[in-house]
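Residues per chain, in single letters:
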Amino acid sequence: MIMNQAIIKNIDVLQEDYLPEKIIGRKKEIESIASSIRPLFYNKPMINLFLHGRTGTGKTSVIRYIIREVSKETSRIKGIYVNCWMDDTTYAVLLRIAEVLHPTMRLAKIKRSNAEILDLINFKKGNTKVFVVLDEVDKLKSDEILYMLSREGYGLIMISNYNIALNKLDRRVRSSLSYIDIEFEPYDYEDLYNILKERSKYAFYEGAFPEPFLKVAAKNAKGDARVGISIIRNAALFAEQQGKKKVDREDLLKALKSVKGAKEQELEKELKGKTKKIYEIVKGLGEADAKEISRIYKERFGEDIHERTLRYYLQELVEKGLIETKGEKRWKKYSSLI
Ligand SMILES: Nc1ncnc2c1ncn2[C@@H]1O[C@H](COP(=O)(O)OP(=O)(O)OP(=O)(O)O)[C@@H](O)[C@H]1O
Ligand SMILES: [Mg+2]
């Protein structure tokens, strides 16, 4: 080996898509999800779910954990995970499901109609009970797939950062689709500390990552486990790059800085269209009420924005953690957080 790596024992456990053996601090959520899936074990339809919460609150991990646990228990029930950010059309989602159920077939080679793929899926699943997880469901180009799958009797678990993601569903879809809401609250300090502590046991050599630094990382993660993990990963990488045997204060501070910058950039980059315009206004004003924001909106972009539409976008920004609200109803004020 060229470099003597004294700190990181296993970088894999610090990667984005690593699914930990143990899920910490989500007992209640796991139990709710398990009980909604349970009817499948008795050949009954499951209860559809909508999981929502801010980024890094463990939604994806919890659901992948559940799919894994179910598959350990039985092969009669299968959870299929789809990330709608990657597969954002009805066709792409159907194809993904078909590929999971039929891994050896080169489906993409022959272009088929949606109905044909659906038939194939129905045929392939045979007696298996299938539930489909649609992660980042708000990224779907059309809500047709929800209607299609629920009509065919597939259980649905939808996931989003926004609790209002399903509000814009077509009426036809909404009336045919009943679901239960589960909110993933940001982690508290204690949970984050435990998550980081557990992860660091696998990631670092003993003593290479001082315990008090884990606490600092947990504090600075602000309820987001992904941020917490990035902090400890970056700190360890900075230390290793300089050939240190142990993470020190300087590495930690550098990591805190890098992660904070990255988070802001990522959030801002994701903003599009009206949401972006509104965010810029709030940011410029520091603090303002809806009336003021809509006045400036009109002035700047020469078009009216309906109050309900405006509140919808403002709520989206609140959920992203970019702005916060103070006061109630008519006196509600919005201010920019970063
Ligand atoms: N309860 C937990 N126990 C252990 N690790 C966790 C837990 N929750 C989250 N993590 C870790 O934090 C990271 C982010 O979690 P995850 O991707 O599940 O969040 P998310 O809610 O899906 O976020 P997003 O909304 O951005 O998709 C993952 O690397 C995961 O391993
Ligand atoms: Mg996720």
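Residues numbered from 1 in each chain as written. Chains lettered and ligands numbered in written order. Predicted model: local features only at pLDDT ≥ 70, side-chain atom pairs only at ≥ 80, totals over all residues. Heavy atoms only, no water.

A separate point is helix H11 (residues 273–285). Taking 1.5 Å of rise per residue, 13 residues should cover 18 Å, and H11 covers 19 Å from first to last C-alpha, within 8% of that figure. For H11, the set of buried residues is Thr275, Ile278, Tyr279, Ile281 and Val282. All buried residues of H11 fall inside an arc of 160° around its axis, so they share one side. Once H11 ends, the next one or two residues include Gly286, with phi positive near 80°. (Helix = DSSP H or I, 4+ residues; strand = E, 2+ residues; numbered from the N terminus. Expected span 1.5 Å × (residues − 1). Buried < 20%, exposed > 50% of the residue type's maximum accessible area, 1.4 Å probe, protein only. Arc of directions from axis to C-beta.)

Within the structure shown, the criterion is met by 5 aromatic pairs. Where Phe204 meets Phe209, the ring centres are 4.8 Å apart and the plane angle is 15°; that geometry is what we call stacked. Of the residues examined, Phe209 reaches a relative accessible area of 9% and is grouped as buried. Consider the rings of Tyr312 and Tyr313, whose centres lie 5.4 Å apart with planes at 85°: the pair is edge-to-face. The residue whose ring lies beneath Lys277 is Phe301, and the NZ or CZ to ring-centre distance is 4.7 Å. (Phe/Tyr/Trp six-rings, centres within 6.5 Å; stacked < 30°, edge-to-face > 60°. Lys NZ or Arg CZ within 6 Å of the ring centre and 35° of its normal.)

Within the chain, Glu136 stands out as a residue other than glycine whose phi angle is a positive 55°. For Glu136, the position within the fold is in the loop between strand S3 (129–135) and helix H5 (144–151).

A few words now on the pattern of salt bridges. All told, the structure shown has 21 salt bridges when counted by the stated rule. Note that Arg226 and Glu16 form a salt bridge whose closest N and O atoms lie 3.1 Å from each other. Pair noted here: Arg226 is in helix H9 (residues 225–241) and Glu16 is in the segment before helix H1 (27–37), with a separation of 210 residues, a long-range link. A cluster of three or more residues bridged by salt bridges with shared partners is formed by Glu21, Arg68, Glu69 and Lys72. (Salt bridge = Lys/Arg side-chain N within 4 Å of Asp/Glu carboxyl O.)

Domain boundaries assigned for the protein chain yield domain 1 (27–184), domain 2 (187–268) and domain 3 (271–336). One C-alpha centre belongs to domain 2, the other to domain 3, and the line joining them spans 33 Å. (Domains from an automatic or database assignment.)

Here the focus is the sheet that holds strand S4 (residues 155–160). Pairing in this open sheet of 5 strands is parallel, and the strands run S2-S3-S4-S1-S5 from one edge to the other. Looking at which strands have only one partner, the edges of the open sheet turn out to be strand S2 (77–83) and strand S5 (179–184). Taking the axes of each pair of neighbouring strands and ignoring which way they run, one obtains an average angle of 15° across the sheet. Bridge count between strand S1 (residues 48–53) and S5: 6 bridges; the pairing is parallel. Residue Leu51 lies in a different strand from S5, and its bridge partner there is Ile182. Seen against the sheet, helix H3 (residues 90–101) touches S2 and S3 and runs at an angle of roughly 140° to S2. Packing of H5 onto the sheet brings it into contact with S3 and S4, and relative to S4 it is tilted by some 155°. (Pairing = 2+ DSSP bridges. Axes fitted to C-alpha atoms, helices over the stretch in contact; angles between N-to-C directions. Contact = heavy atoms within 4.5 Å.)

Right, let's get into the nonpolar core. With 34 residues, the main nonpolar core has Ile97, Ile121, Val132, Leu134, Val137, Ile145 and Leu146 as its most contacted residues. Listing elements by their share of this core, those giving two or more residues are S2, H3, helix H4 (114–125), S3, H5 and S4. With 7 residues, H3 is the single largest residue contributor to this core. Ignoring any residue separated from it by four or fewer positions in sequence, one finds Ile145 in contact with Thr90, Val93, Leu94 and Leu140. Ala217, Val227, Ile232 and Ala255 belong to the second largest nonpolar core, which has 33 residues in total. (Core = buried A, V, L, I, M, F, W, Y, C linked by side-chain atoms within 4.5 Å.)

It is worth spelling out the packing of helix H7 (residues 189–203) against helix H8 (residues 211–220) at this point. One can describe the packing of H7 onto H8 by two numbers: an axis separation of 9 Å at closest approach and a directional angle of 135°. In terms of orientation, H7 and H8 fall into the oblique class. As for the relative orientation of H7 and H8, their crossing is right-handed in sense. Taking contact as the criterion, the partners of Tyr189, Leu192, Tyr193, Leu196, Lys197 and Ser200 in H7 are, on H8, Glu211, Leu214, Lys215, Ala217, Ala218 and Lys219. (Parallel < 35°, antiparallel > 145°, perpendicular 65-115°, else oblique. Left-handed = near helix turned anticlockwise from the far one by under 90°.)

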